[in-house]
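Coordinate analysis (summary)
Here are the chains, one letter per residue:
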Number of protein chains: 2
Amino acid sequence: MSSALRVANTLRPCAQRAIARPAAALATRQYASQAFFPDEPAGPVVKGAIPGPESTKAIQKLDKVFDTRSLNMMADYRRSYGNYLADLDGNVLLDVYAQIASIPVGYNNAALLLGASSPEMASAIINRPALGNFPQHDWADILETGILKVAPKGLDQVFTAQSGSDANELAYKAAFMWKRRVQRGGPDVEFTAEEMESAMNNTVPGAPKLSIMSFKSGFHGRLFGSLSTTRSKPIHKLDIPAFDWPQAPFPSLKYPLDQHAAENAAEEKRCLEETERLIKEFHNPPAAIIIEPIQSEGGDNHASPEFFRGLREITKRNDVLMIVDEVQTGVGATGKFWAHEHWNLQSPPDMVTFSKKAQTAGYYFARDDLKPNKPYRQFNTWMGDPARALLFRGIINEIERLNLVENTAQTGDYLYAGLERLASQYPNEIQNLRGKGQGTFIAWDSPRRDEVLKSAKGVGINIGGSGVAAVRLRPMLIFQKHHADIFLERLEQVIKA
Amino acid sequence: MSSALRVANTLRPCAQRAIARPAAALATRQYASQAFFPDEPAGPVVKGAIPGPESTKAIQKLDKVFDTRSLNMMADYRRSYGNYLADLDGNVLLDVYAQIASIPVGYNNAALLLGASSPEMASAIINRPALGNFPQHDWADILETGILKVAPKGLDQVFTAQSGSDANELAYKAAFMWKRRVQRGGPDVEFTAEEMESAMNNTVPGAPKLSIMSFKSGFHGRLFGSLSTTRSKPIHKLDIPAFDWPQAPFPSLKYPLDQHAAENAAEEKRCLEETERLIKEFHNPPAAIIIEPIQSEGGDNHASPEFFRGLREITKRNDVLMIVDEVQTGVGATGKFWAHEHWNLQSPPDMVTFSKKAQTAGYYFARDDLKPNKPYRQFNTWMGDPARALLFRGIINEIERLNLVENTAQTGDYLYAGLERLASQYPNEIQNLRGKGQGTFIAWDSPRRDEVLKSAKGVGINIGGSGVAAVRLRPMLIFQKHHADIFLERLEQVIKA
């Protein structure tokens, strides 16, 4: 009996059965119409009110030591499996929110459990290195067979980090160092005494008055630099000092897209023009722009591939870097591994950041001039986490083995078609349906959004919102047509109620 | 055979023997003069140049995908054990740097290995929750039996984070929200429309012009807010935009302390007065000050308990919070669990931040008014990491079982006495010896510091520097007198050479 199996034996009967499947079943093949988790529950189970008595007790206990005001549901991960999230009272919900879009290949995924029970993982957990100084002997292998194997086209280097906010801020730092290097005249120009002295005092020229430009309603994190670029909701930003950095307009598209083609094109043109004007004129010049392929936290706002291609041209023309924030869109959810693959850019973005479904974080880049001219400029104690990098490698293997990007594209089309039918039946309940051809990264607006999210729990669906009025779908990559059927049926119940 | 033991079997013969010790040996008892890792190597092994041929190959391979300019040594953690760090060429060094002061209880610690091979850990790795929304059912237990069990006196709540920089920035955010709440007139005063609108534009009043005050040569991290308070070296700060925040003077003490008592007291008085003046007069008023008990990255700079008690009084008098950054000093290294316990404060600091040896991060606090008035103001996807919180619990258990804080106090006194002897023999080589009574958190200045660090490897010692000229000792908590003897003997070889 393998050690992982022994581990699995002590809990989670479902995971145990899955892990005990013959090795042949683990070989790469098409699972087109086959269930990825054959022993998943057949559907949600709702035993009573959520939270029930056991969850209520646990919440009261937790409230004494942890802020529970944002608590959505007290989960029991021992009993969660595949697409299903369990609680302490026997309720089992179909989860289309997936830990704010971060669980990629199912709760208690058997292959990940095997990896998490390996000696390699145990060592990574207990012997965490300072990677910049004392990397482990196989760090190159872990990067090459994992994080770098799925690097966006044209970007072959990575700087690892610990969260999405962290990844974005490190990308900003790389952009600022790059911009000052250009302004200074190259990598070999030494820092002046004035620069070194003023940097220590947080003043120019050592601490330059440069900026990162972001877009209205964008979300890029909550630390001080990333929060200065976040423009989604006041509650994220109130009372926190921020940098005087510019905000460009993000297109406000009308739906259905095919009925508003000319208007939407004009809106995107307006936004591109204003963006370029700001780049040229803003008093703290941008070193880079940052943008999400689909604005997620800000309300599931889309723009066309033409818009993004236009942005790429503007940034090139004005010697400004383009950072694509794929923290929420990346790793398969839009039916491409990276959402920006939908754009067919002539030249790749300068940096792409990731976190969430990767379960580790960082930014990809290619240009050698994005490496600082000296060591220790981009550095910290841990510089990422080999344990989480191993996990991402396992996730990538699962995605390949089960062909999950293709699955998400297909399931997404099926789900979208079902939602279109519901939208035509209940036009007031499902407004501005969006995300066609974007995998399962689908959303719509609801005039009674918070009520819908709450009622969904009562029929066994765990679902999240974004922006002010959007219901956002963020199922895992193992979400299949039979899950979509259950989801559509239950959603209709909520709408009718 | 337990699954952990099976895991251990596949590698690390030393760890395997340790884990196979009879259970009785694991019971709590005094290990006063006994080796914590009885099967540790008897001493360093240096087989040749470092890096040797295998390490050089591995470094060349890594260099293709990772910035190796800050690489100190290519490590083989499979063969590292206790206080000893191995490489790929058979070299085994006594490690008094410990991953930049972050490995607490030994490489391949058997008790941690057991924990890391448990079903609980595997689940925490693969089912990482969005803790603020969907905490796991036993999150309260994990906090109470781990992180909160060692909470600094007077601070009974915790906000978990992912790195030291992250922890400090979250503490700053808590301070800013608190300050604005006071200015606004209490938690129930609603945000104005003007505040909400201006926050979205990064301008006052929503994004206030408040500051965090830090001290000359302090180090608090490298993200945008934390870097604005870091004042150690230009290389950390150059080219990165920074907030216009104030910097107070940190006392520059003369050694030996007992020969410069009056001068040093005058210097501390001067610094306290200037700090208070800055708090009252700086154009962007501070919501908080942040200070390290011993400035680590900045050169191992100490101040007296009286100085810190003076600071506490100044902050109380001026309605400014006091954040103590224990990222490097915390978790036992100074012979107290928290270094600020050396100060005997009348009232505890308002927040204490931690990371490194805790292997997870966050800030402790007590005052209820440091909880934001509404949910989602202090929030992110992961909000810490249950896997790393479990590891910290295991570390705390090891510290208690082996009485490691007391060990560090005793070993530190022994080591300091040995260094005093060397300093009197070689007064030009060991200058400004400091850290007496501070456990193993000891440093001195060397006129040829970088050469000493490099030569130390040749005699089997891995050691780090801080500031411009300091050699800093940061051994693990399992560093014992027999290790100190080896260290002192080898150091003398380096000095003589």
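Just so you know, these numbers come straight off a predicted model, no measurement behind them.

All names here are of chain B. Residue placement: proline 152 occurs in the loop between helix H7 (139-144) and strand E3 (157-161). Residue classification places proline 152 among the buried positions, given a relative accessible area of 2%. Sequence separation of proline 152 and glutamate 341 is 189 residues, and the distance between their C-alpha atoms is 8.2 Å. Ignoring anything within four residues of it in the chain, the contact list for proline 152 reads Trp338, His340, Val352 and Tyr364.

The subject of this paragraph is the relation of the copies chain A and chain B. Note that the two copies of the chain are related through a rotation about an axis and a translation along the same axis. Taken as rigid bodies, chain A and chain B are interconverted by a rotation of 180 degrees and an axial shift of 0.0 Å, the fit giving an RMSD of 0.0 Å. Taken together, the rotation angle and the small translation identify this as a two-fold axis. Here 99% of the interface residues in chain A have copies in chain B that are interface residues too; the copies meet face to matching face.

A word on the interface of chain A and chain B. With 127 residues of chain A at the interface, the matching set in chain B holds 126 residues. Taken together, both faces of the contact between chain A and chain B bury some 11,500 Å²; the carbon and sulfur share is 61%. When residues of chain A are sorted by the area they lose upon contact with chain B, Phe134, His137 and Asp239 of chain A head the list and together hold 7% of the total. For the pair chain A and chain B, the number of links is 10 salt bridges. Across the pair arginine 184 of chain A and aspartate 239 of chain B runs a salt bridge whose closest N-O atoms are separated by 2.6 Å. Joining chain A to chain B, the criterion identifies 63 residue pairs in polar contact (both at pLDDT 80 or more). The dominant element in the side of chain A that touches chain B, judged by the number of residues it contributes, is helix H8 (residues 164-184) of chain A, at 8 residues.

Accessible area lost during the coming together of the parts is what is often quoted as the interface size. Residues and elements named next belong to chain A. Examined at the domain level, chain A breaks down into domain 1 (53-108 + 403-496) and domain 2 (114-401). Its C-alpha centre places domain 1 at a distance of 27 Å from the equivalent point of domain 2. Taken together, the contacts link 29 residues of domain 1 with 27 residues of domain 2. Both faces combined, the contact of domain 1 with domain 2 buries some 2,300 Å², and carbon together with sulfur accounts for 57% of it. In terms of surface lost to domain 2, no three residues of domain 1 exceed Val405, Arg434 and Phe441, which account for 26% of the buried area on that side. At the boundary of domain 1 with domain 2, the tally comes to 2 salt bridges. Between aspartate 300 and arginine 474 there is a salt bridge, and its shortest N-O distance comes to 2.9 Å.

A few words on helix H17 (residues 481-496) of chain B. All names here are of chain B. In this model, H17 (16 residues) spans 22 Å end to end at C-alpha, consistent with the 22 Å of a helix rising 1.5 Å per residue. Three or more residues of H17 are buried, namely His483, Ala484, Ile486, Phe487, Leu488, Arg490, Leu491, Glu492, Val494 and Ile495. Buried residues along H17 sit against strand E1 (84-86), strand E2 (92-95), helix H15 (404-425), strand E11 (443-445), helix H16 (449-458) and strand E12 (461-462).

Under the definition given, this model contains 70 salt bridges over all chains. Across the salt bridge formed by arginine 128 of chain A and aspartate 385 of chain A, the nearest N and O atoms sit 3.9 Å from each other. Placement of arginine 128 of chain A in the loop between helix H6 (119-126) and helix H7 (139-144) and of aspartate 385 of chain A in the loop between strand E9 (361-365) and helix H14 (386-401) is noted, with a sequence separation of 257 residues between them. You can call arginine 128 of chain A buried: its relative accessible area is 3%. By relative accessible area, which is 7% here, aspartate 385 of chain A ends up buried. Measuring nitrogen to oxygen at the nearest pair gives 3.1 Å for the salt bridge that ties arginine 367 of chain B to aspartate 369 of chain B. A relative accessible area of 24% places aspartate 369 of chain B in the partly exposed class.

The rules behind each value
Residues numbered from 1 in each chain as written. Chains lettered and ligands numbered in written order. Predicted model: local features only at pLDDT ≥ 70, side-chain atom pairs only at ≥ 80, totals over all residues. Heavy atoms only, no water. Helix = DSSP H or I, 4+ residues; strand = E, 2+ residues; numbered from the N terminus. Buried < 20%, exposed > 50% of the residue type's maximum accessible area, 1.4 Å probe, protein only. Contact = heavy atoms within 4.5 Å. Least-squares fit on C-alpha atoms with pLDDT ≥ 70 in both. Buried area = accessible area lost by both parts, 1.4 Å probe. Salt bridge = Lys/Arg side-chain N within 4 Å of Asp/Glu carboxyl O. Polar contact = N/O pair within 3.5 Å; in protein donor to acceptor, adjacent residues only side chain to side chain. Domains from an automatic or database assignment. Expected span 1.5 Å × (residues − 1).

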